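# Topology and contacts: notes
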Amino acid sequence: MRKTVVVGNWKMNMTRSEALALVRSLKVKLQERPDVETGVCPPFTALAAVAELLRDTAIGWGGQNMFHEDSGAYTGEISPPMLADLGCRYVILGHSERRQYFGETDEGVAKKVAAAHRHGLTPIVCVGETLQQREAGETETVVAVQVRNGLSGLSTDQMRHTIIAYEPVWAIGTGRTATPEDANAVHATIRTLLAEMFDSMTAETVRIQYGGSVKPSNAADLLSQREIDGALVGGASLKAEDFVAIVKSAPKSNS
Ligand code: PEP
């Protein structure tokens, strides 16, 4: 049984004090669903303060990106040991905004995924097609290439401790969502591919989140799909009541 996992990607939002206010509110309200794994990924500047507040709770925290080297002359970068040192559980890797604006490639993502595992971090690896690719009927091919290139170097144990986030690029921050059925179909394709690349037990174990304009009004439909094991939530994770409502939409049978 895969435990539903809902993680907030705050992107480049929230000063330290705004972050603390949001987390104080989440801390109380998320206690009602201990059967759902939850986490937040604040900007780096708020991460230490958020970690301090969440340390005695079941809510995890993580980075939105990192570099694959442990240390060195990489101005502006954050390393896996730095995130591990703050007690991070997660690190989001290969987000489409990083691919689009910062030139991230599948090869770079693969190095980061390996580095995350070396330091006990759970990578949340984002894959997804652009609108143009979807309209050209290339969704499954594009996603398959991203999954193969980003994850094929992992051991089965590492793969089982990796989360995949299927995030159609055209649905991120746009208010447009994939229909639950369409998202479920892509998730099923990813799972079949994982069975080919690893084995069927591994494929059944890996949690695949959906991301792209998830909000309280569509979360229940998405999270009730068989192959959808959680959500990576951007915009709606910036409001405590919306994030909590999304977590509460998770079907209880997934516990
Ligand atoms: C995201 O940033 O991963 C995301 C899914 O954003 P949004 O929920 O705002 O579409």
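Treat the numbers as computed from the prediction; the structure is a model and nothing was measured.

The next subject is the domain arrangement of the protein. The assigned domain composition of the protein is domain 1 (11-64) and domain 2 (85-225). Counting residues at the interface gives 16 residues for domain 1, matched by twelve residues for domain 2. In this assembly, domain 1 packs against domain 2 so that about 1100 Å² is buried in total across both faces, 50% of it on carbon and sulfur atoms. On the domain 1 side of the contact with domain 2, Lys11, Glu37 and Trp61 bury the most area, a combined 44% of that side's loss. The tally of links from domain 1 across to domain 2 stands at two salt bridges. Between Glu97 and Lys11 there is a salt bridge, with its nearest N and O atoms 2.8 Å apart. For the interface between domain 1 and domain 2, the tally reads eleven residue pairs in polar contact (both at pLDDT 80 or more). Listing elements by their share of the side of domain 1 that touches domain 2, those giving two or more residues are strand E2 (37-41), helix H2 (44-54) and strand E3 (60-63).

Put simply, helix H11 (residues 216-223) and helix H12 (residues 240-248) touch, their axes get as near as 8 Å, and they point 20° apart. Regarding the angle of H11 to H12, the classification is roughly parallel. The element H11 and its partner H12 pack so that their crossing is right-handed. On H12, the residues that touch Pro216, Ala219 and Leu223 of H11 are Asp242, Ala245 and Ile246. Class assignment of the residues belonging to the contact of H11 with H12 gives a composition of five nonpolar, no polar and one charged.

For the structure shown, the criterion picks out 19 salt bridges. Glu204 serves as the salt-bridge partner of Arg2, at 3.2 Å between the closest nitrogen and oxygen. With a gap of 202 residues between them, Arg2 in the segment before strand E1 (5-9) and Glu204 in helix H10 (residues 200-205) connect regions that are remote in the sequence. Of the residues examined, Glu204 reaches a relative accessible area of 37% and is grouped as partly exposed. In this structure, Arg226 and Glu204 form a salt bridge, with 3.7 Å as the shortest nitrogen-oxygen distance. Taken together, the positions of Arg226 in the loop between H11 and strand E8 (230-233) and Glu204 in helix H10 put the pair 22 residues apart, joining distant regions of the chain. Residue Arg226 is classed as exposed on the basis of its relative accessible area, which comes to 53%. Each of Arg2, Arg191, Glu204, Arg226, Glu227 and Asp229 takes part in salt bridges that share partners, so that together they form one network.

Analysis parameters
- Residues numbered from 1 in each chain as written.
- Predicted model: local features only at pLDDT ≥ 70, side-chain atom pairs only at ≥ 80, totals over all residues.
- Heavy atoms only, no water.
- Domains from an automatic or database assignment.
- Contact = heavy atoms within 4.5 Å.
- Buried area = accessible area lost by both parts, 1.4 Å probe.
- Salt bridge = Lys/Arg side-chain N within 4 Å of Asp/Glu carboxyl O.
- Polar contact = N/O pair within 3.5 Å; in protein donor to acceptor, adjacent residues only side chain to side chain.
- Helix = DSSP H or I, 4+ residues; strand = E, 2+ residues; numbered from the N terminus.
- Axes fitted to C-alpha atoms, helices over the stretch in contact; angles between N-to-C directions.
- Parallel < 35°, antiparallel > 145°, perpendicular 65-115°, else oblique.
- Left-handed = near helix turned anticlockwise from the far one by under 90°.
- Nonpolar A, V, L, I, M, F, W, Y, C, P; charged D, E, K, R; others polar.
- Buried < 20%, exposed > 50% of the residue type's maximum accessible area, 1.4 Å probe, protein only.

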